[in-house]
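Spelled out from the first residue to the last, the chains are:
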Amino acid sequence: MIEARQLTKSFKIYPSKPGILNSMRSLFSAKYEIKHAVDSISFKIDEGEFVGYIGPNGAGKSTTIKMLSGILHPSSGTATVLGIDPQKERKELARNIGIVFGQRTQLWWDLPVKDSFEILKAMYKIDEQDYRHFLKQYDDILEIGRFLETPVRKLSLGQRMRADLAAAMIHNPSVLFLDEPTIGLDVVAKKNIREFLKEMNISHQKTIILTTHDMDDIEQLCSRVIVINQGKTVLDGSLEQLKNHIGLPSILKVLYDEHVNPKNISGVEKIEQNGSELTILYDRSKITSPALLQEISQWGTPKDIQMKEPDIEEVIQNFY
Amino acid sequence: MKLYIKLVSASIRSRMQYKMNFVFSMVSYGIVMMIDFLMLAAILNRFNEVKGWNLYEVGILYGISSVSLSLYRTVAPEIHEFEKYMIEGEFDSLLIRPVSPLVLLLSKNLDLSRIGGALQGMIIIALSLYHISHTHSITMLLIYLPVILVCGWIISFSLALVTATIAFWTQRIKDFQTFTLYAPFNAANYPMNIYPGWLKFIFFTVIPVAFINYVPMLFLLNKGGSIYYLLLPVLVALLFFYLASAFWNFGIRFYHSTGT
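Per chain, the residues get numbers from 1 upward, laid out in the order the sequence is written. To read the labels, note that chains go from A and ligands from 1, taken in the order they are written. Given that this is a predicted model, residues contribute local features only at a pLDDT of at least 70 and side-chain atom pairs are listed and counted only at 80 or more, while totals for whole chains, interfaces and linings are drawn from all residues. The side-chain quantities take in all heavy atoms of the structure and omit both hydrogens and water.

Colleague: What should I look at first to understand the sheet that holds strand S10 (residues 250–256) of chain A in this one?
Modeller: Backbone hydrogen bonds are what pair the strands of a sheet, in a parallel or an antiparallel way. All names here are of chain A. Strand pairing is defined by DSSP finding a minimum of two bridges between the two strands. Here a strand is any run of E in DSSP of at least two residues, a helix any run of H or I of at least four, and the numbering for each starts at the N terminus. The four strands lie next to each other as S11-S12-S10-S13, forming an open sheet whose pairing is antiparallel. The open sheet is flanked by strand S11 (268–274) and strand S13 (302–308), the only strands paired with a single partner. In this sheet, adjacent strand axes meet at a mean angle of 15 degrees when their direction is disregarded. By the convention used here, residues are in contact when the closest approach between their heavy atoms is within 4.5 Å. Every axis in this analysis is a line fitted to C-alpha atoms, fitted for helices over the stretch in contact. Angles between the N-to-C directions lie between 0 and 180 degrees. Against the sheet, helix H10 (residues 289–297) makes contact with S10, S11, strand S12 (277–282) and S13, and its axis sits at roughly 25 degrees relative to S10, the strand it touches most.

Next comes the structure, spelled out in structure tokens:
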């Protein structure tokens, strides 16, 4: 359904200087560095899969998605999405895929949400009946009816993301590319979006590729994970395999009022000690957070406790 | 076409969200237009004749060149401001639609305040024609004028499209626009025979502004041109538009996008 074969995108980086002469010079100059944003990545995704595509900032996630959707031309290698070559038949592909960029809205900023939908309706040549069905269906699951008449710039981030997701679904695409759809959202908004995506994947058999920085997105949604770093695939497997590989540790930081001597507890992977401060990496599936809290309070009197969920950046670092 | 109208009306509604700003830009553009007009009058008064072209003949050249450029600026402000799509990576959002990005760009915005510039040019053409009508027959010129203006518009749009395409490599095009748009159109306000050979060569080839007004006027104002000169603007406009779109489609392959 979606296939990448040795997909590569390299950029020439010219040292650029301001001014017309310099920009002319850099246009013709031979001085440049080549940076491989995506370096010979191959994968095959079947219908109905929900794939988490993760990696640190600048790993090449967005670049891959842009090549799969026909926005960028690969330097070498090829891609096929729904049997279509994204570069040769970009417009044909656009009718069959939905794209959401979490950082940038695809809606008309100053117009009410409904106006954006109507423009898209004309653009994708959607007939009146399907359009009414769309509005009803997405009011049921994303409650877009509440802010249809509001200009996009006045929406909250969560509402805007719901409107953007609905807009990406207006032509009922069978493949969805989601680039950080939960970025910056609060817990409730994230939960709404996850439920929506789950439903799209399970009841509507949409094939979804999702990039994210949020490990909870991955844990709750994705059956398969592809990890990339510096443009190369580091891991392509199930969520279980990812966990076995890196453990997905949760992090607890505790500050005691005096120096303590920590003991070994099962489920705790690593303890770092810095004076009277402890950083504890543990596996939530083996020891629950309350149980751990009870343990650590026996070591001394905690002055401050912070809990942190694992961060993709740190997870990837654990690979090395 | 239906989609174009829908998108354009959306853009005008967006603009109307900031009513004060819209009114203000109309008014300020009107003032700039007046000053420009007064300067032209001063220049035209100083010289009686430029290399065999009298005031009103130059006025016609000036008017055609300025109407052509203003029509382009009205219809294609997003092409003119194309570098923002490169710098902010906004071009992505045009490439995810089942419609050509050029159509989306053109329908994104209309700069109605530029119509003032076109009107100013029209007034100059009308005044000049009135004076010329004492000595020449202007029937042919009047009939052919709309064709000339459409060709001028297509040529200026094509030049702008070529310049915008350069942004796929350089990101920025503001500096290039001086050389490919502003300077040539300023030059085309006056007859081409006042320029040195190398400059004339440029204006007849890579930046073909000579065909917008000078070439057809050689015939229409009895300056020794043949009737075939009337065909040239049409041919050049079509050829140049074709080349510019081909270059644009080639350039899109080199679009870099930006990181998030």
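Colleague: What exactly am I supposed to notice about the layout of surface pockets here?
Modeller: Residues and elements named next belong to chain B. In this structure, the second largest pocket occupies an estimated 990 Å³ of space. Lining of the second largest pocket is provided by 35 residues; of these, Glu78, Lys84, Tyr85, Glu90 and Lys108 occupy positions nearest its centre. Of all elements in the fold, only helix H1 (2–16), helix H2 (19–46), helix H4 (77–80), helix H5 (83–87), helix H6 (92–95) and helix H7 (101–108) reach the threshold of two or more residues within the lining of the second largest pocket. Broken down by element, the lining of the second largest pocket gets its largest block of residues, five residues, from H1. A breakdown of the residues in the lining of the second largest pocket according to their chemical character gives 13 nonpolar, 10 polar and 12 charged. Grid spacing is 1 Å over the protein atoms alone, the probe is 1.4 Å, and a cavity is where that probe fits but cannot get out, while a pocket is an open set with protein on both sides within 12 Å along at least five of seven lines and lining residues have an atom within 4 Å of a point. Grid points are joined across faces, edges and corners, and a volume is the space filled by probe spheres set on the points. Residues are grouped as follows: Ala, Val, Leu, Ile, Met, Phe, Trp, Tyr, Cys and Pro are nonpolar; Asp, Glu, Lys and Arg are charged; every other residue, Gly included, is polar.

Colleague: When you look at the sheet that holds strand S3 (residues 50–54) of chain A in this model, what are you seeing that I'm missing?
Modeller: Residue and element names in this part refer to chain A. Across the sheet, six strands lie side by side as S5-S6-S7-S3-S8-S9; this open sheet has mixed pairing. The open sheet has two edge strands, strand S5 (97–101) and strand S9 (232–238), and neither has a second partner. For this sheet, the mean inter-axis angle between neighbouring strands, taken without regard to orientation, is 15 degrees. Both S5 and strand S6 (residues 175–179) contribute to a ladder of five bridges, which runs parallel. Its bridge partner lying in S6, glycine 98 is registered against leucine 176. In the packing of helix H6 (residues 157–169) onto the sheet, contacts are made with S5 and S6, and the angle to S5 comes to roughly 160 degrees. Along the sheet face, helix H7 (residues 187–202) touches S3, S6 and strand S7 (207–211) and points at about 150 degrees away from the line of S7.

Colleague: Looking at this structure, I do not really get the nonpolar core. What am I missing?
Modeller: The tendency in soluble globular proteins is for nonpolar side chains to be buried as a group. Counting 150 residues, the largest nonpolar core has Phe117, Met123 and Phe177 of chain A together with Ile79, Phe82, Phe91 and Met217 of chain B as its most contacted members. For phenylalanine 117 of chain A, the contacting residues outside a window of four places in its chain are Leu107, Tyr131, Phe134, Leu135, Ile144, Leu148, Ala163, Ala166, Ala167 and Ile170 of chain A. Residues Val260, Ile265, Val268 and Tyr282 of chain A belong to the second largest nonpolar core, which totals 13 residues. We call a set of buried Ala, Val, Leu, Ile, Met, Phe, Trp, Tyr and Cys residues a nonpolar core when their side-chain atoms join them within 4.5 Å. Burial status follows relative accessibility: with a 1.4 Å probe on protein chains alone, a residue under 20% of its type maximum counts as buried, one over 50% as exposed, and anything between as partly exposed.

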